[in-house]
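Results of the structural survey
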Amino acid sequence: MAAAPAHMVNPGLFEGYETGSFYDEMFSAPGQPRPPYAKLFQKLAAMAPGQFEERRKLADLSFLIQGITFTVYSDGRGTERLFPFDLIPRILPQSEWERIDRGLSQRVVALNLFLQDVYGKQMIFKDRQIPRWLVYSCPNFRREVIGVGVSRGIYTHICGIDLVRDSKSGDFYVLEDNVRTPSGISYVLENRLVMTRTLPDAFQACEVLPVNHYPAELARILRSISPRSEDDAQIVLLTPGIHNSAYFEHSFLAQQMGIQLVEGRDLIVDGGVVYTKTIRGLKRVDVIYRRVDDEFLDSLTFRPDSLLGVPGLMGAYRAGNVALANAVGNGVADDKAIYAFVPAFIRYYLGEEPILNTVPTYLCANPGDLSYVLEHLSELVVKAVGESGGYGMLMGPTADRAKIEEFRERIRANPRNYIAQHVVPLSRVPSYDPSTGSVAGRHVDLRPYCLYDGQKVTIVPGGLTRVALQRDSLVVNSSQGGGSKDTWVLRGEG
Amino acid sequence: MLSRIAESLFWLARYIERAEDTARILDVNYHMMLEQSQQSYRLRWEPLVIMAGEEKLFRSLYGEANAENVFEFLAFRQDNPSSIVQCVSKARENARTIRDRISREMWEDINGLYYTVTRFRPEDEIAAGPHRFCDLVKFGAHRFHGVTDATMPHDEGWEFLRVGWSLERAEMSARLVDVQYHNLLDALPSVGAPDNHQWMAVLRSVGAYEAYHRQYHSAIEPEKVAEMLILHPQHPRSIRFSASEVQAGLRAVSGSLAGSYANEAERLAGRVVERLRYDRVDEIFKQGLHGYLNELLRMCGAIGDDIARTYFYYAVVA
C-alpha cells in the first residue's frame with residue numbers, strides 16, 4: 001500500500017509548527033513538507049509522544065561518553081561542553097547538492113590559484129584585478145612565504161566554506177571561505193554515526209549518501225605531498241593540545257587516519273629536518289597536518305612567545321624538507337575584504353562565471369563604502385576581516401546603541417580591518433527545543449568540507465549544518481551558543 | 001612511539017592503580033571499624049592518611065582523623081592530589097591526551113568512570129558509608145584492566161601501562177605493610193590478645209584473605225601476612241610479583257634478555273626482584289621491617305625516575 005499523502009499524516013511532533021516569514025527548509029507551508037523531507041516527516045510524526053525526547057537523551061549520552069565535547073573559556077576555567085546536537089536532520093536533494101558541489105570546487109581551485117599567484121609571480125596585481133595594497137595589508141598575509149614553493153602547488157588542501165540560504169531568493173550564498181584550519185568535520189562524521197543509531201528507520205527510508213570516506217581521502221592527499229617517497233611518508237597531526245576547543249577533532253582525525261597526534265613539544269628541528277621525539281630516539285617527519293595557526297607555528301619566525309609550535313619549523317618548510325597542510329599564509333585568501341574579489345578571481349584564473357552567489361560587501365577601506373557603512377550601522381553586519389568563529393562581529397539590527405557606537409569608533413580607527421554586509425535572512429529548519437518539548441524553526445548555515453589534491457576537489461556530500469538554537473538568533477557558531485545537525489544529501493530528489 | 005605518549009600511558013596506569021588501592025584500603029578499614037570497639041578508633045584512620053603520603057595536608061585541613069573526614073579526604077577532596085576523584089580525573093586527562101592511541105573502548109570506559117565518580121555527592125556518600133563508592137571505583141579499575149587487556153594490542157604501549165600499574169602497586173603494598181605494622185606494634189593493647197582484625201583488614205584490602213588461608217592453614221600472624229604481601233611469588237598484589245611485572249614490562253620494551261639489562265631502570269628492577277626472590281621473612285624482621293620497606297620504596301622511586309630519564313625526557317638542545 002502506498003504511504004498516505006503527507007497532509008493526511010497526523011503532524012505529531014510538528015503540531016502547531018510555524019514556518020514564519022523565513023524560508024523553511026522542511027515545509028513549503030504549514031503541514032506541507034517539501035518532497036525531500038516527506039519520508040522524514042512521516043517517520044517523525046508517527047513517533048509516540050515522549051519517544052523523540054527519549055531518543056534525544058540517548059544521543060546526548062552517547063556524545064558525552066565518547067567525550068565529544070568542546071571547551072569554552074568564558075568562565076575563565078575552561079569547561080567541557082557538549083556541542084548541542086539536534087536530531088532533526090537537514091536534507092538536500094541530489095540535484096541541489098550537485099550544483100553546490102560544482103560551485104565549491106570552482107571556488108577552491110580559484111582560491112588555490114590566487115594563493116599560488118600572490119606568493120609567487122603576482123600576475124594578478126600586474127593585471128589590475130585587485131590592488132596590491134589591499135592584499136599586503138591583510139593581517140594574515142605572510143611575507144615570510146613569498147617565493148616559497150609548496151609541495152605539488154597545493155595551498156588549500158582542506159577548505160570549509162560557509163554557505164547560507166537566503167530566505168528571500170531561496171538561493172545559496174557563500175558567506176565565508178575558511179582556508180586556514182577549518183574545524184568541524186569530526187562532528188559531521190560523529191553526527192552521522194549517532195544519527196544512524198538513534199533514528200535508523202528514518203535514515204534508511206531516505207537513501208542518504210555516505211560521508212565516511214573523508215579521513216581516507218584526506219590521508220591520501222597528505223601522503224601525496226610528502227617530500228620523500230609516499231610509501232613510507234611519516235605524517236603527523238600537530239595539535240595545540242588538550243586545551244584547544246577542537247582537541248576532540250584532532251585526536252579523532254589522527255585516529256581515523258592512523259597517523260600520530262603530536263604537540264609542538266613532541267617535535268624538534270635539527271639541520272633543517274623535523275623529527276618526533278620517540279622512546280627510541282628521533283624519527284623524521286615528512287608531512288604535518290597542522291591545526292596550529294600560522295603565527296604560533298615557529299617562534300623563530302612568527303610570535304616569539306609561542307610554545308605551541310616548533311622552533312625552526314619554517315626553516316625546514318622553506319628548505320622543502322617538510323610539507324604543511326594547509327600551507328602557511330592561506331589567511332590572505334579568507335580575509336573578509338578579499339572575499340569580495342573571489343568572483344573576480346574565478347573569472348580571471350578560470351575564465352568561468354561563478355556558480356555560487358556571494359553577498360555584496362562594503363569595504364570600509366574604500367572611503368565611499370566607509371561613509372555608507374557608518375551611516376547605516378544599525379542595518380548592517382560588520383565583521384573584522386581577519387577573525388573567524390563569530391568573534392569581532394556586530395549584528396547591527398539587534399545590537400544596542402553602546403555596541404554600535406563602540407564599533408563606529410573601531411571602524412574609524414582602522415577602516416581596513418572591517419567590512420560590512422546586509423543581513424542575510426538565513427533559512428530555518430525545524431529544531432527541537434528540550435526546554436519546551438516542542439519543535440520550532442531555527443536558523444541554519446552549511447559548512448561543506450572540500451579536499452583538494454591539486455587535480456580535483458572532493459567534497460563529502462553535505463557537511464556540517466550549524467544551527468542557532470536560540471530563538472531568532474542568526475549566529476550559529478558553537479562558541480556563541482550554536483549547535484549542529486546531521487546533513488543528508490539524498491540519492492535522487494526524495 | 002612518542003615519548004609523551006609512553007609517559008601518558010605510564011601515568012594513566014599509575015593513577016588508576018592508586019585510585020583502586022586507595023578505595024580498597026578505605027573500604028576494608030571502614031568495615032573493620034564497624035566491628036570494633038571505640039578504643040583503638042584513632043589508630044585505624046590515621047595510618048591511611050600517612051599511607052597516602054598526605055599527612056601534612058590532612059592536618060592542615062582537619063583535626064583528629066575519623067571515619068568521615070578520612071573518607072572525605074581520600075575519596076573526594078579536590079585539593080588532595082591523591083584523592084580517588086583526583087586520581088581518576090588525572091587518569092582521564094592522560095587518557096584524553098592519547099585517546100588516538102588507546103582503544104575507543106578504553107577511552108569510553110575511563111571517561112564513563114570519570115563521570116561516575118565526579119557525580120557522587122560527597123555528603124551523601126559520607127552519610128551512607130564508603131562501601132558503595134569504593135566498590136564502584138574498585139570494579140571500575142578492574143573493568144579498565146579487562147577492557148585494556150581485551151582491546152589494546154599488547155605492544156610496547158601496553159608494556160608502559162603494565163610497568164605503570166605494577167610499579168604503583170608495589171609501592172602501595174610496601175606502604176600498606178609498613179604503616180600498618182608500625183602502627184600495630186606501637187598500639188597493641190598491653191593486655192589481652194593481639195589485634196588480628198587489623199591484619200585481616202590488611203589482607204582483605206589487597207584481596208589476599210582467602211589466599212592467605214589456603215597458603216598457611218593457620219591463624220593470622222603478622223609475620224606471615226608480611227611474608228605474603230612482600231615475598232609471595234604469585235599473588236598479584238605482593239611486592240615481589242609486582243616488581244617482576246615491572247621488570248618484565250621494561251624488558252619487553254628494550255628487548256633485553258634475562259640476566260642482562262639495557263638501562264638503569266632495568267638494573268634496579270632486577271636487583272629488587274632478585275632480593276625479594278632470595279630474602280626470607282625472618283631475616284627481614286631481624287634487620288627491621290621498616291628499614292627494609294623504606295629501602296624498597298626508595299628503589300621503586302629510583303626506577304620511576306630512571307624510566308623517565310630513559311624513555312620520556314629529551315635533554316634541551318641549546
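Starting afresh in each chain, residues are numbered from 1 along the sequence in its written order. To read the labels, note that chains go from A and ligands from 1, taken in the order they are written. In keeping with the model being predicted, local features are shown solely for residues with a pLDDT of at least 70 and side-chain atom pairs are shown and tallied solely at 80 or more, while totals for entire chains, interfaces and linings include all residues.

1. Here we look at the overall build of chain B
The number of helices and strands found in chain B is 16 helices and zero strands. Note on method: radius of gyration uses C-alpha positions; expected globular size equals 2.2 Å times residues raised to 0.38. Here the C-alpha atoms of chain B give a radius of gyration of 20 Å, agreeing with the 20 Å that 2.2 N^0.38 yields for 318 residues. For the C-alpha atoms alone, the extent of chain B along its principal axes is close to 65 × 45 × 40 Å. Around each residue's C-beta, the other C-beta atoms within 10 Å are counted; 20 or more make the residue buried, 12 or fewer make it exposed, and counts in between make it partly exposed. All C-beta atoms are placed from the backbone. Within chain B, the proportion of its 318 residues that are buried is 48%. We call two residues in contact when the distance between their C-beta atoms, placed using the backbone, is within 7 Å. In chain B, once contacts between residues fewer than 6 apart in sequence are set aside, the share between residues at least 24 apart is 70%. Going along the chain from the N terminus, every DSSP run of H or I of four or more residues is numbered as a helix, and every run of E of two or more is numbered as a strand.

2. Quick notes on the packing of helix α3 (residues 94–118) of chain A against helix α11 (residues 342–350) of chain A
Residues and elements named next belong to chain A. For the pair α3 and α11, the least separation of the axes is 9 Å and the interaxial angle reads 80°. The orientation of α3 with respect to α11, classified from their angle, is roughly perpendicular. Within the contact between the two elements, α3 uses Gln-106, Arg-107, Val-109, Ala-110, Leu-111, Leu-113 and Phe-114 and α11 uses Val-342, Phe-345, Ile-346, Tyr-349 and Leu-350. Classifying every residue of the contact of α3 with α11 gives 10 nonpolar, one polar and one charged. As a rule, the C-alpha atoms of each element are fitted with a line to give its axis, helices using only the stretch in contact, and angles between N-to-C directions run from 0 to 180 degrees. Just so you know how the angles are binned, under 35 degrees is roughly parallel, over 145 roughly antiparallel, 65 to 115 roughly perpendicular, and the rest oblique. Classes in brief: Ala, Val, Leu, Ile, Met, Phe, Trp, Tyr, Cys and Pro nonpolar; Asp, Glu, Lys and Arg charged; the others, Gly included, polar.

3. Thoughts on the environment of Tyr-449 of chain A
Residue and element names in this part refer to chain A. Looking at the element boundaries, Tyr-449 is found in strand β22 (residues 449–452). Residue Tyr-449 is classed as buried on the basis of its C-beta count, with 25 C-beta atoms lying within 10 Å. Distance in space between the C-alpha atoms of Tyr-449 and Gly-315 is 30 Å, their sequence separation being 134 residues. Setting aside residues up to four positions removed in sequence, Tyr-449 forms contacts with Ile-158, Gly-160, Ile-185, Val-188, Tyr-214, Ile-459, Val-460 and Gly-463.

4. Focus: the domain arrangement of chain B
Residues and elements named next belong to chain B. Per the domain assignment, the segments of chain B are domain 1 (1–152) and domain 2 (155–318). Delimitation of the domains relies on an automatic or database domain assignment. Of note, the centres of domain 1 and domain 2, computed from C-alpha atoms alone, are 20 Å apart. If you look at the interface, domain 1 gives 30 residues, while domain 2 gives 28 residues. Its residues placed into classes, the side of domain 1 that touches domain 2 shows 17 nonpolar, five polar and eight charged.

5. Some thoughts on the pairing of strand β7 (residues 172–178) of chain A
All names here are of chain A. Across the seven residues of β7, five count as buried, placing the element largely inside the fold. The antiparallel hairpin formed by strand β6 (residues 158–165) and β7 contains six residues in its connecting segment, where Gly-170 sits at a positive phi of about 75°. Direction of pairing for β7 relative to strand β15 (residues 357–358): parallel, over a ladder of two bridges. Paired with Tyr-173 across the strands is Asn-357, a residue of β15. When DSSP finds at least two bridges between two strands, those strands are taken to pair.

6. Looking at the interface of chain A and chain B
Across the contact, 18 residues belong to chain A and 17 residues belong to chain B. Put simply, the parts of the chain that give the side of chain A that touches chain B at least two residues each are α2 (51–65), α9 (247–257), β9 (260–262) and β11 (273–278) of chain A. A per-class count over the side of chain A that touches chain B returns eight nonpolar, seven polar and three charged.

7. So, the sheet that holds β9 of chain A
Residues and elements named next belong to chain A. The four strands lie next to each other as β9-β8-β13-β14, forming an open sheet whose pairing is parallel. Of all strands in the sheet, those with a lone pairing partner are β9 and β14 (323–325), marking the two edges. When strand polarity is set aside, the average angle formed by the axes of neighbouring strands in this sheet is 30°. Where strand β8 (residues 235–238) lies against strand β13 (residues 287–290), four bridges are found, and the strand directions are parallel. In the strand pairing of β13, Leu-238 is matched with Arg-290. Contacts from α9 reach β8 and β9 within the one sheet, and its direction differs from that of β9 by about 150°.

8. Focus: the environment of Ser-306 of chain A
Residues and elements named next belong to chain A. Of note, Ser-306 is situated in the loop between β13 and α10 (313–318). Ser-306 gets classed as buried once you count the C-beta atoms within 10 Å, which come to 20. Along the backbone, Ser-306 and Gly-264 are 42 residues apart, and their C-alpha atoms lie at a distance of 9.8 Å. Not counting residues up to four positions away in its chain, the partners in contact with Ser-306 are Phe-296 and Ser-299.

9. Examining the domain arrangement of chain A
All names here are of chain A. You can read the domains of chain A as domain 1 (121–175 + 210–350) and domain 2 (357–422). For domain 1 and domain 2, the distance between their C-alpha centres works out to 28 Å. Counting residues at the interface gives 18 residues for domain 1 and 11 residues for domain 2. No other element matches the four residues that β7 contributes to the side of domain 1 that touches domain 2. Within the side of domain 1 that touches domain 2, the residues separate by chemical class into 12 nonpolar, three polar and three charged.

10. What about the packing of helix α6 (residues 104–119) of chain B against helix α8 (residues 131–151) of chain B?
All names here are of chain B. Running from amino to carboxyl end, α6 crosses α8 at an angle of 170°, the nearest separation of the two axes being 9 Å. Here α8 runs roughly antiparallel to α6, going by the angle between their axes. Across the interface between the two elements, Glu-105, Met-106, Asp-109, Ile-110, Leu-113, Thr-116 and Val-117 of α6 pack against Leu-136, Val-137, Gly-140, Arg-143, Phe-144, Val-147, Thr-148 and Thr-151 of α8.

11. Concerning the sheet that holds strand β12 (residues 281–284) of chain A
Residues and elements named next belong to chain A. Within the open sheet, the three strands sit side by side as β10-β11-β12. Their pairing is antiparallel. In this open sheet, the two strands that pair with only one neighbour each are β10 (267–270) and β12. Pairs of neighbouring strands in the sheet enclose a mean axial angle of 45°, with direction left out of account. Bridge count for β10 against β11 is four bridges, and the pairing is antiparallel. Directly across from Val-269, in β11, lies its bridge partner Val-274.

12. Structural notes on the environment of Ala-67 of chain B
Residue and element names in this part refer to chain B. Structurally, the position occupied by Ala-67 is in helix α4 (residues 67–76). Sequence spacing of Ala-67 and Ser-83 is 16 residues, and the spatial spacing of their C-alpha atoms is 15 Å. Ala-67 has contacts with Tyr-30, Met-33 and Trp-45, leaving out every residue within four places of it along the chain.

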